[in-house]
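The primary structure of each chain is shown beneath.
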Amino acid sequence: MQSSRVAITFAILILIAAGAALAIGHPGFAITIAVASAAGAFAVWMSLPPDGQNLVETSGETEATLPLPAVVTLTDDAAIILDGNRIAHANAAALALFGPHIEDEDYRLAIRHPAVTDYLATETTEPLDVIGIGGSDRRFLLHALTIAPGYRMLRLADRTQAHVTDQMRTDFVANASHELRTPLATILGFIETLQDANRPEEAAVRARFLGIMLGEARRMRQLVDDLLSLSRVEADRFSPLREPLAVGPIAEEVAATIATAEALPPKRLTVNAAPNLPPVAGDRAQISQLLHNLISNALKYGRADTPIRIDLAREANELRLDVIDQGDGIPPEHLPRLTERFYRVDPGRSRAGGGTGLGLAIVKHIVERHRGRLEIDSTVGVGTRFRIRLPALSEPLSS
């Protein structure tokens, strides 16, 4: 079909060229054009492969002819073309994954994965999940496709991040269910007990149980509130931030609110803001929540009656915000995981203090949305410093 279409196309071009020459009164020129065009058409037709014999074939349907190297450049995944067992060509992603030496090697020596070797020894077209290529925790989906007699294309689609996301989702559901089930079981147990504790002399027992139930219900409400906050922050992560904010007054406002609510003694919570601080582009409600979470965390884990400082200063083109407590500190092995959802250094102490395990996860997402950085430094027995770096706007706000 392809060669027939080409021949018809050239025939039409011959007629057009000859007609144009006749129209301008040059019959000899018309004959010359016709002969030359016919010769060109014949040469092109002879150079075409027979119908249905194109190089690239998939599922029995003929597609456009492509050179072998061009086939693997059409995908961003790691792709390899095999000529028998020899790697005839590999794209940049495959060379980065396996090394630049793999071309012209036997694929069994280049890839060195038993599952891949067994898979390619068969003629199956079903994809294969492969674990361990390029790292013990990396995952790929391998497709093998025959593209011409003796030639196969291997495509390795990286599924590492998708697997991590799925695992995080599974862990999140399991953790959230556990966090909600525990207080709910407590409340149900006390309700069943109170149904039988109706005698006048049991008033003290009822009051104690009701107090515990109220605390558990508040904990459940706080957990739901934190889940909603985390969901909102994630939903807004791509929303532009255009409002210029002065973080110093926001820090003083949040600190005053917490000091009043917790009845803190004077100078337990101090804000030290350097003069002429630059504004940042931000979301006021989220910056307030970030400060509230960090200060509440410092109060929870700092030693009683020790000061908590909120320091603000400018460093180069950034606004630096530090929240510093004096407490037991955090062992270094826990620091990389502090911002994971529901992660707790001391689960019993955190729950007893009303923590949900989501506060620092919310802080991390707020910092990311504001294109900032979160740094955590802690010394066991001394205390912890949470440092936030936010990009500063070029012009300060007018007072």
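Residues numbered from 1 in each chain as written. Predicted model: local features only at pLDDT ≥ 70, side-chain atom pairs only at ≥ 80, totals over all residues. Heavy atoms only, no water.

## Quick look at the overall build of the protein
This is how it is decided: Numbering of helices and strands runs from the N terminus; a helix is a DSSP stretch of H or I covering at least four residues, while a strand is a stretch of E covering at least two. Buried means the residue's accessible area, taken with a 1.4 Å probe over protein chains only, is under 20% of the maximum for its type, while exposed means over 50%, and partly exposed covers the values in between. Using a 1.4 Å probe, accessible areas were evaluated by the Shrake-Rupley method; residue-level cover was limited to the displayed protein chains.
When its secondary structure is counted, the protein shows 12 helices and 14 strands. Taken over 399 residues, the protein has a buried fraction of 36%. Within the structure as shown, the protein displays about 22700 Å² of accessible surface, and the carbon and sulfur contribution to it stands at 58%.

## A few points about the environment of Leu338
Here Leu338 lies in the loop between β12 (318-325) and α11 (347-352). Residues Leu338 and Gly357, 19 residues apart in the sequence, show an inter-C-alpha distance of 9.1 Å.

## Quick word on helix α12 (residues 359-369)
Put simply, the test is: We call two residues in contact when some of their heavy atoms are within 4.5 Å.
Across the 11 residues of α12, eight count as buried, placing the element largely inside the fold. For α12, the full list of buried residues reads Leu360, Ala361, Ile362, Val363, His365, Ile366, Val367 and Arg369. Along its buried surface, α12 packs onto α8 (203-235), α10 (284-301), β13 (373-379) and β14 (383-391). After α12 finishes, the residue Arg371 shows a positive phi value of roughly 60°.

## Focus on unusual backbone geometry
One non-glycine residue, Ala263, adopts positive backbone phi at about 55°. With respect to the helices, strands and loops of the structure, Ala263 is situated in the loop between α9 (247-262) and β9 (269-273). In this structure Ala263 comes out as exposed when scored by relative accessible area, which is 64%.

## A short note on the confidence of the model for the protein
Quick reminder of the rule: A residue's pLDDT is simply how confident the predictor is in it, with values from 0 to 100.
Across the protein, pLDDT averages 78, with 77% of residues at or above 70. Confidence over residues 1-8 falls short of pLDDT 50; this stretch has 10 contacts with residues more than four positions distant or in other chains. Contacts for the low-pLDDT stretch residues 20-24, under 50 throughout, to residues beyond four places or in other chains number six contacts.

## Focus: the pattern of salt bridges
Counted only if it meets this: Take a side-chain nitrogen of Lys or Arg and a carboxyl oxygen of Asp or Glu: if they are within 4 Å of each other, that pair is a salt bridge.
Across all of its chains, the model carries 20 salt bridges by this definition. Here Arg108 and Asp106 are joined by a salt bridge, their closest N and O atoms 2.7 Å apart. Its relative accessible area of 22% is what places Asp106 among the partly exposed residues. Two residues, Arg320 and Glu315, come together in a salt bridge whose shortest N-O distance is 2.6 Å. With a relative accessible area of 15%, Arg320 lands in the buried category. Look at Glu315 and you get partly exposed, because its relative accessible area is 27%. Ionic contacts of the salt-bridge type, sharing partners, join the residues Glu315, Glu318, Arg320, Asp322, Arg373, Glu375, Arg387 and Arg389 into one network.

## Some words on the side chain of Thr339
Tracing the chain through its elements places Thr339 in the loop between β12 and α11. Residue contacts for Thr339: discarding those within four places in its chain leaves Leu360, Ala361, Lys364 and Leu374.

## A short note on the pairing of β13
What counts, and what does not: One requirement defines pairing of two strands: DSSP has to find at least two bridges between them.
Sheet analysis places β13 next to β14, joined by seven bridges and oriented antiparallel. Bridge pairing in β14 links Glu375 to Arg387. In sequence, β13 turns back onto β14 through a hairpin of three residues, with Gly381 there showing a positive phi of about 85°.

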